[in-house]
Amino acid sequence: MEFEFKSEKMFDDNGYAFGLSEKIKAKMREVVKRSGDKIPYTAENGVFDDQTGHNICWWTNGFFGGMMWQMYNATHEEAFRDKALRIEEQLDENLMNAEGLDHDNGFKWLPTAGADYTLTGSRASLNRLRLAADNMLGRFNIAGSFFRAWNGEPGTRAGWAIIDCMMNLPLLYRMSDLQKDPRYRLAAIKHADTAMKFFVREDGSVNHIVEFDPATGAFLKTQGGQGMAVGSTWTRGQAWAVYGFTLSYIHTGRKDYLDTAVKAADFFLRSMKDRDTADVPVDFLQPRDILWEDGTAAAIVSCGLLELSRILGTKGIEYRVFADGLIKELAASNCDFNPSTDNLLTKCSASYNSKEHDFPIIYGDYYFMEAVFKLTGEELFIW
Ligand code: GLY
């Protein structure tokens, strides 16, 4: 499929998205019926796996619940709400497990408890959000002004921060709004400032992992993380930066966050224009003869670009056109709309140097749905 980078399209030219939305809904109506108590991460031969029982703390466990809330919001059909509520309760086992709580609390509880609270005002959901936000706040390193990313053996990874965390900051912005307590927001802003300084390179590309001395806060080094190598650009990390800085702008109004989101977005667009395919690779330095795709990066960056285009108005038309191209390409060559299979996206990638390429990943499905629903006006804004 030809990838077009036209910039003269109009903002209201979103007719194609309604067709995609109907296909997604038709499929999800069947998926929810057979999903039982599952919380999926991936699918094998079109059948969802299940993270419950053995991996309840996995960072992606909020996304299927988020899809269910998006579906409920779009259709008002109770099957989706019931499944979403069940997942929210299942994740309580994670809330009681300190080792399983980390900076990804936003990814787990904004699409579940946060969505529930937004739609229903549930006190139980607010309680979960508070526990998740308070735990995340406890990960703030005062010396370096960053949130520690992952857990690990004592003495390891205490100084590691990762670009993905930008997507978890909305948990803190929202908690400050809900509790009328600036602590959460202040820490989120400090982290975003650190990320602008140490993660975003001069050309707008981003590092995945930055390691600081956890006692002094001094910068130590960058790591390639889930990208190809130190200094390369992991496309999902770039997408997290585009959407994450946009979200920090939305929650704070800080112009430098918007400028950083634009810088990261422009790098993404430039890098794609240099390629001869519309498929998003796993890393922008990926050799041309390696054809691995990451549909998650395409879906996430589409969400970020659509928000940027909305914020920037006519100045953001290029982002809207680019996101349209990515969404159409995902729908045409990376999507399974067949209601008898469980997953939507088919070609995602866990990380460059793992063997996990070109397989379904649940957050790819989540962000694809979110992007389509942004265009049709059916989105529940959860971040
Ligand atoms: N947050 C980890 C990832 O994007 O794979």
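In case you missed it, the structure is sitting above this.
Residues numbered from 1 in each chain as written. Predicted model: local features only at pLDDT ≥ 70, side-chain atom pairs only at ≥ 80, totals over all residues. Heavy atoms only, no water.

A. Broad picture of the nonpolar core. Ranked by size, the top nonpolar core spans 118 residues in total, and within it Met-28, Leu-169, Phe-245, Leu-305, Tyr-367, Phe-368 and Trp-383 carry the most contacts. Of the residues forming this core, the biggest block, ten residues, is contributed by helix α13 (residues 362–376). Leave out the neighbours within four places in its chain, and Tyr-367 touches Phe-63, Phe-107, Met-167, Trp-240, Tyr-243, Ala-299, Ile-300, Cys-303 and Trp-383. (Core = buried A, V, L, I, M, F, W, Y, C linked by side-chain atoms within 4.5 Å. Buried < 20%, exposed > 50% of the residue type's maximum accessible area, 1.4 Å probe, protein only. Helix = DSSP H or I, 4+ residues; strand = E, 2+ residues; numbered from the N terminus. Contact = heavy atoms within 4.5 Å.)

B. Summary view of the site of the ligand. The local shell around the ligand consists of Trp-59, Asp-164, Gln-226, Trp-234, Arg-236, Trp-240 and Tyr-363. Gln-226 has a polar side-chain atom sitting 2.7 Å from an oxygen atom of the ligand. Trp-240 is positioned with one of its side-chain polar atoms (N or O) 2.9 Å from an oxygen atom of the ligand. If you map the ligand onto the pockets, it falls in the largest pocket. Residue composition of the shell around the ligand, by class: four nonpolar, one polar and two charged. (Near = heavy atom within 4 Å. Polar contact = N/O pair within 3.5 Å; in protein donor to acceptor, adjacent residues only side chain to side chain. 1 Å grid on protein atoms, 1.4 Å probe; cavity = no way out; pocket = protein on both sides within 12 Å on 5 of 7 lines; lining within 4 Å. Sits in = over half its atoms within 2 Å of the grid points. Nonpolar A, V, L, I, M, F, W, Y, C, P; charged D, E, K, R; others polar.)

C. How the structure looks around the packing of helix α2 (residues 63–75) against α13. Interhelical geometry of α2 versus α13 gives an angle of 25° and a closest axis separation of 9 Å. When the axis of α2 is compared with that of α13, the two are roughly parallel. Once α2 is placed against α13, the crossing between them reads as left-handed. Where α2 abuts α13, its residues Phe-63, Phe-64, Gly-66, Met-67, Gln-70, Met-71 and Ala-74 lie against Ile-362, Tyr-363, Asp-365, Tyr-366, Tyr-367, Met-369 and Phe-373. Looking at the contact of α2 with α13, its residues break down into eleven nonpolar, two polar and one charged. (Axes fitted to C-alpha atoms, helices over the stretch in contact; angles between N-to-C directions. Parallel < 35°, antiparallel > 145°, perpendicular 65-115°, else oblique. Left-handed = near helix turned anticlockwise from the far one by under 90°.)

D. Structural context of the layout of surface pockets. Looking at the largest pocket, its volume works out to about 480 Å³. Forming the walls of the largest pocket are 25 residues, and the residues nearest its centre are Trp-58, Trp-59, Asp-102, Asp-104 and Trp-150. A class-by-class count of the residues in the lining of the largest pocket yields eight nonpolar, nine polar and eight charged. Roughly 220 Å³ of volume is contained in the second largest pocket. Residue assignment for the lining of the second largest pocket shows that the elements contributing at least two residues are α11 (295–312) and α13. For the lining of the second largest pocket, the element with the most residues is α11, which contributes four residues. Grouping the amino acids of the lining of the second largest pocket by side-chain chemistry returns three nonpolar, two polar and five charged. (Points joined across faces, edges and corners; volume = space filled by probe spheres on them.)

E. The arrangement of the pattern of salt bridges in detail. One pass over the full model with this rule turns up 25 salt bridges. In this structure, Asp-177 engages Arg-185 in a salt bridge whose closest nitrogen and oxygen atoms are separated by 2.8 Å. The partner of Glu-211 in a salt bridge is Lys-221, and the shortest N-O contact between them spans 3.9 Å. With Glu-211 in strand β6 (residues 209–212) and Lys-221 in strand β7 (residues 219–223), the pair connects residues that are ten residues apart, well separated along the chain. Its relative accessible area of 15% is what places Glu-211 among the buried residues. Each of Glu-307, Arg-310, Glu-370, Lys-374 and Glu-379 takes part in one network of salt bridges that share partners. (Salt bridge = Lys/Arg side-chain N within 4 Å of Asp/Glu carboxyl O.)

F. Region of interest: empty space enclosed by the protein. Summed over all chains, the structure comprises two cavities of 30 Å³ or more. Looking at the largest cavity, the residues that line it are Ala-278, Asp-279, Val-280, Glu-293, Asp-294, Gly-295, Ala-298, Leu-326, Glu-329, Leu-330, Ser-333 and Asn-334. Elements supplying a minimum of two residues to the lining of the largest cavity: α11 and α12 (317–333). By residue number, the principal contributor to the lining of the largest cavity is α12, which donates four residues. Here the lining of the largest cavity is built from residues that sort into five nonpolar, three polar and four charged. In this structure, the second largest cavity encloses a volume near 50 Å³. Forming the walls of the second largest cavity are 13 residues, and the residues nearest its centre are Arg-201, His-208, Gln-223, Gly-224 and Ser-232. Residues belonging to the lining of the second largest cavity are distributed by class as follows: three nonpolar, nine polar and one charged.

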